[in-house]
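Chain residues, written in single-letter form:
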Amino acid sequence: GNSVTQMEGPVTLSEEAFLTINCTYTATGYPSLFWYVQYPGEGLQLLLKATKADDKGSNKGFEATYRKETTSFHLEKGSVQVSDSAVYFCALSKMDSSYKLIFGSGTRLLVRP
Amino acid sequence: KAGVTQTPRYLIKTRGQQVTLSCSPISGHRSVSWYQQTPGQGLQFLFEYFSETQRNKGNFPGRFSGRQFSNSRSEMNVSTLELGDSALYLCASSLAGGYNSPLHFGNGTRLTVT
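Summary of the structure given here. Predicted model only: the values in this text are computed from it and were never measured. (Residues numbered from 1 in each chain as written. Chains lettered and ligands numbered in written order. Predicted model: local features only at pLDDT ≥ 70, side-chain atom pairs only at ≥ 80, totals over all residues. Heavy atoms only, no water.)

### What about the state of the cysteines?
Residues and elements named next belong to chain A. This is how the line gets drawn: We call a pair of cysteine sulfur atoms a disulfide whenever their separation is within 2.5 Å. Labels follow the DSSP assignment, with helices taken as runs of H or I lasting at least four residues and strands as runs of E lasting at least two, numbered in each case from the N terminus. When accessible area is computed with a 1.4 Å probe and restricted to protein chains, residues below 20% of their type maximum are described as buried, those above 50% as exposed, and intermediate ones as partly exposed.
Scanning the model with the defined rule gives 2 disulfides over all chains in all. Residue pairing for C23: its cysteine sulfur links by disulfide to C90, the two sulfurs lying 2.0 Å apart. On the S-S bond that ties C23 to C90, the torsion sits near -65 degrees, and the link is left-handed. Of this pair, C23 sits in strand β4 (residues 23–26) while C90 is found in strand β10 (residues 86–94), placing the two residues 67 residues apart along the sequence. For the residue pair C23 and C90, the accessibility class agrees, reading buried in each case.

### A few points about the packing of aromatic side chains
Each pair of aromatic rings is reported with the distance of its centres and the angle of its planes. Note the cut-off: The pairing test for Phe, Tyr and Trp rings, Trp by its six-membered ring, is centres within 6.5 Å, and the orientation test on the planes gives stacked under 30 degrees, edge-to-face over 60, and tilted for anything in between. Throughout this description, the term charge over a ring refers to an Arg CZ or Lys NZ atom that lies within 6 Å of the ring centre and within 35 degrees of the ring normal.
Inspection of every chain in the model, using the stated rule, returns 12 aromatic pairs over all chains. On the numbers, 6.1 Å between centres and 35 degrees between planes, the contact of A:F34 with A:Y36 is tilted. Taking the relative accessible area as the measure of exposure, A:F34 reaches 0% and is therefore buried. Through a chain of ring-to-ring contacts, the aromatic side chains of A:F34, A:Y36, A:F89, A:F103, B:Y35, B:F45 and B:F105 assemble into a single cluster. Against the face of A:Y30 rests A:K68, its NZ or CZ located 4.3 Å from the ring centre.

### Points about the nonpolar core
Just so we agree on the cut-off: We define the nonpolar core as a collection of buried residues of types Ala, Val, Leu, Ile, Met, Phe, Trp, Tyr and Cys that are connected through side-chain atoms lying within 4.5 Å of one another. Any two residues having at least one pair of non-hydrogen atoms within 4.5 Å are treated as being in contact.
Core analysis: the biggest nonpolar cluster contains 27 residues, and A:L19, A:W35, A:L48, A:F73, A:L75 and A:Y88 have the highest contact counts within it. Those elements that place two or more of their residues in this core are β2 (11–14), β3 (19–21), β4, β5 (32–38), β6 (44–50), β8 (62–65), β10 and β12 (107–112) of chain A. By residue number, the principal contributor to this core is β10(A), which donates 4 residues. Aside from chain neighbours lying at most four places away, what touches A:L48 is A:L33, A:F34, A:W35, A:G57, A:S58, A:N59, A:F62, A:E63, A:A64, A:F73 and A:L75. Ranked by size, the runner-up nonpolar core spans 21 residues in total, among them B:V4, B:L21, B:L81 and B:A87.

### Section: the pairing of strand β9 (residues 87–94) of chain B
Residue and element names in this part refer to chain B. Here is the rule we go by: Pairing between two strands requires that DSSP report at least two bridges joining them.
Most of β9 is tucked away, with 8 of its 8 residues classed as buried. On β9, burial covers both faces: A87, Y89, C91 and S93 on one face and L88, L90, A92 and S94 on the other are all buried. Direction of pairing for strand β4 (residues 31–38) relative to β9: antiparallel, over a ladder of 7 bridges. Following the sheet pairing, Y35 is matched in β9 by L90. Here β9 pairs with strand β11 (residues 109–113) via 3 bridges, running antiparallel. Within β11, the residue paired with Y89 across the bridge is T109.

Structure (structure tokens):
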């Protein structure tokens with residue numbers, strides 16, 4: 001079946017460090033891929049998305065490239081800030097089950113000043 | 001534009017009771033989805049509605065039900081509550097659903113079953 005696997009957290013970084021959060025997926029065909037972020041006490045916010053192979057989604061300094069050959073969608077940011085501390089979720093959606101998102105387990109990021 | 005509004009924010013119920021959660025989508029959005037978030041199971045899809053019709057349903061028992069009204073507002077109901085139903089219930093809306101449509105989430109309703 002369709003699934004998303006994320007690296008386990010927490011990921012602890014110092015401010016201005018480089019961030020990578022790994023995400024791989026299992027799905028037939030060509031799913032759409034998303035990164036959502038959840039700040040404490042809030043719902044999820046869409047961070048970025050990519051809908052086809054080699055697409056790069058980007059927003060607020062975060063980037064992720066849809067890699068079909070490695071079934072991956074790793075999240076990166078060149079210089080993290082304390083305000084980036086949150087839980088990050090990778091998710092996929094497929095045309096044949098288009099009305100639901102399948103989420104990874106989430107990765108907590110803690111950025112220290 | 002107002003975001004997705006969920007009420008109430010917090011609920012405490014006793015095992016065996018039933019509960020109704022409410023969701024008002026972003027104006028103009030016709031698709032409403034519900035997700036359950038727990039530390040053990042993560043985020044799991046409950047169901048999705050569009051124009052008052054359920055289009056997809058997750059793998060949850062029949063105690064979980066929902067509906068959507070003509071103004072796109074949605075409610076979900078859980079009957080005969082169990083301790084394991086304690087969770088954050090998230091509602092999300094999008095213009096029309098579909099696999100490329102990003103979801104806009106509310107802040108959730110935190111349900112505690114004692």
